[in-house]
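Listed here are the chains, written in short residue letters.
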Amino acid sequence: MSVSTLAAAPSVCAPLPVLGRDVTVPLVTGGEVAYAALDYAASAPALQRVWDDVAAYAPYYGSVHRGAGYLSQLSTDLFENARRTVAEFLDCREGDQVVFTRSTTDSLNLLAAALPADCRVFVFETEHHASLLPWRSAQVTYLDAPRSPREAVETLERALADRAPYGPALVCVTGASNVTGELWPVRELAAAAHAHGARIVLDAAQLAPHHEVSVADLDVDWVAFSGHKLYAPFGSGVLAGRADWLRAAEPYLAGGGASRKVGRRQDGGVDVEWHDSAARHEAGSPNVIGAYALASACRALTEAGFDTLVAREQYLVRTVREGLADVPQVRFLSLFGDDAPRVGVLSFVVEGWNSSHFAAALSAEYGIGVRDGLFCAHPLLRTLLGSDPQAQGECGSPESAPGEKSLNAIRVSFGAGTPDEHVERFVRAVKELVADGAKWNYRTEDGRCVPDTSA
């Protein structure tokens, strides 16, 4: 199917308005073009709705939980209402806590700090580093990359059955891969974990922006995600789920807000009574605007309807895959197979091209922003690219010049705000680069491939 045929197909729905949709960027070959932001998996542009809500609130900003003044009281209500909005967005159970953090990485490190003594953690090598690395104080079992959803469940079941001695255990799994976009069998993995007395935390950083996430329906114990991937700026994140391990743990940060009572002892020490609520792990002045923006994004996506958003995104996925199906030099990366359900995240390599060189040409000559490298998922990329999965790697290839083979890939990702034209331009650009090569010369500078403007 040709790009023109795909372009003529009716889009399922219009993209949601996002910031930056009218930004133009210069091309190295001359002129300007509307920027095609196709790196949603790293950070999605803010929804216009979110930005408008934040702008309307900004004059009323005040410190929360600490002031008797009107603006402080208003901000406190807004902050706590944001917590309730997130709980509704995630379909949390009664008694679950919603803790505001800085990001998915921060959320999972918080949970890692709250693990009970002698806890065993089970994590697939396919995880993003945010969910692969926080468990340094626990006994960790790393599981090999499965090649099907069924194999993922079977691998976990075998590992949990073999654990000894019996004690607390936690499984950490992604909902959608940040490399392949493939959906993981979260509900089945949760059932396997619970059947063996383990708990499970869902890394929903790439899932929540694309699909409805129900804590109750998936039966996960915790879920973590980031605002900046959910069309909300300002460095906010969430850890939501069971309260018992969080209440029993020492506060993630010690300070004001986390403490209920503080007093001096006669021996000169300090006695502290910590909160049992989410505030226990939210010491310091919270990111009120970040929490409000995140809640605004939750409301906007809910109102837009995930069924509609998913249908449109799958149309864009088909546009890319079918548009490049007749380009044998392009190889998409996958664990579960080309037909596996996925979100709008696709990684690929191009025969004969250094990935950094290809990404640089997409940007400089077509105004298209994608990501190249190992995507903070080094073991997974090395498995997919046929390298030693235990070898260390860097995000990028500073030792590789344009035209040289590099052990990294290119990732294109999109979502609710992506116009059809951006994806169609990407397909056309890939075909032209493969067929005709780059129009400009490039060089390596500080580990990045950049246009050579020295001539």
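A brief report on the enclosed structure follows.

1. Comments concerning the overall build of the protein chain
Part 1 of the argument: Across its full length, the protein chain carries 14 helices and 19 strands.
Part 2 of the argument: Taking 23 Å as the expected radius of gyration for a compact globule of 455 residues, we find that the protein chain reaches 23 Å, a close match to that expectation.
Part 3 of the argument: In terms of overall dimensions, the protein chain has a C-alpha envelope of 80 × 55 × 45 Å along the principal axes.
Part 4 of the argument: If you sum the accessible surface of the protein chain, you get close to 19,300 Å²; carbon and sulfur atoms cover 51% of it.
Part 5 of the argument: Across the protein chain, the centroid of the 39 positively charged side chains sits 3 Å from that of the 56 negatively charged ones.

2. With respect to the packing of helix H12 (residues 355–366) against helix H14 (residues 420–436)
Part 1 of the argument: Where H12 contacts H14, the axes come no closer than 11 Å and their chain directions differ by 115 degrees. In the crossing of H12 with H14, the sense of the turn from one axis to the other is right-handed. Counted together, Phe 358, Ala 361, Leu 362, Glu 365 and Tyr 366 of H12 and Arg 425, Phe 426, Ala 429, Val 430, Glu 432, Leu 433 and Val 434 of H14 form the full contact between these two elements.
Part 2 of the argument: For the contact of H12 with H14, the per-class residue count stands at nine nonpolar, no polar and three charged.

3. Description of the pairing of strand E9 (residues 222–226)
Part 1 of the argument: Counting buried residues in E9 gives five out of five residues, a clear majority hidden from the surface.
Part 2 of the argument: Bridge analysis of strand E8 (residues 199–203) against E9 gives three bridges, and the strand direction is parallel. Residue Leu 202 lies in a different strand from E9, and its bridge partner there is Val 223.
Part 3 of the argument: Looking at chain direction, E9 and strand E10 (residues 237–241) are connected through five bridges and run antiparallel. In the strand pairing of E10, Phe 225 is matched with Val 238.

4. Concerning the packing of aromatic side chains
Given two aromatic rings, one states the distance between the centres and the angle between the planes to describe the pair.
Part 1 of the argument: In this structure the tally under the stated criterion is 13 aromatic pairs.
Part 2 of the argument: Between Tyr 57 and Tyr 292, the ring centres sit 5.4 Å apart and the planes meet at 65 degrees, which makes this aromatic pair edge-to-face. Linking Tyr 57 in helix H2 (residues 48–57) with Tyr 292 in helix H10 (residues 288–304), this pair joins segments that are 235 residues apart in sequence.
Part 3 of the argument: Since its relative accessible area comes to 15%, Tyr 292 is described here as buried.
Part 4 of the argument: Geometrically, the ring pair formed by Phe 79 and Phe 100 is tilted, given 5.3 Å between the ring centres and 45 degrees between the ring planes. With Phe 79 in helix H3 (residues 70–89) and Phe 100 in strand E4 (residues 97–101), this pair connects stretches of sequence that are 21 residues apart. Exposure class is identical for Phe 79 and Phe 100. Each is buried.
Part 5 of the argument: Cluster of aromatic residues (ring-pair linked, three or more members): Phe 332, Phe 348, Trp 353, Phe 358 and Phe 426.
Part 6 of the argument: Of note, Arg 163 hangs over the ring of Tyr 166, and the distance from its end group to the ring centre comes to 4.6 Å.

Criteria and cut-off values
Residues numbered from 1 in each chain as written. Predicted model: local features only at pLDDT ≥ 70, side-chain atom pairs only at ≥ 80, totals over all residues. Heavy atoms only, no water. Helix = DSSP H or I, 4+ residues; strand = E, 2+ residues; numbered from the N terminus. Rg over C-alpha atoms; globule rule 2.2 N^0.38 Å. Areas by Shrake-Rupley, 256 points an atom, 1.4 Å probe, with all protein chains shown as cover. Lys, Arg positive; Asp, Glu negative; His and termini not counted. Charge placed at Lys NZ, Arg CZ, Asp CG, Glu CD. Axes fitted to C-alpha atoms, helices over the stretch in contact; angles between N-to-C directions. Left-handed = near helix turned anticlockwise from the far one by under 90°. Contact = heavy atoms within 4.5 Å. Nonpolar A, V, L, I, M, F, W, Y, C, P; charged D, E, K, R; others polar. Buried < 20%, exposed > 50% of the residue type's maximum accessible area, 1.4 Å probe, protein only. Pairing = 2+ DSSP bridges. Phe/Tyr/Trp six-rings, centres within 6.5 Å; stacked < 30°, edge-to-face > 60°. Lys NZ or Arg CZ within 6 Å of the ring centre and 35° of its normal.

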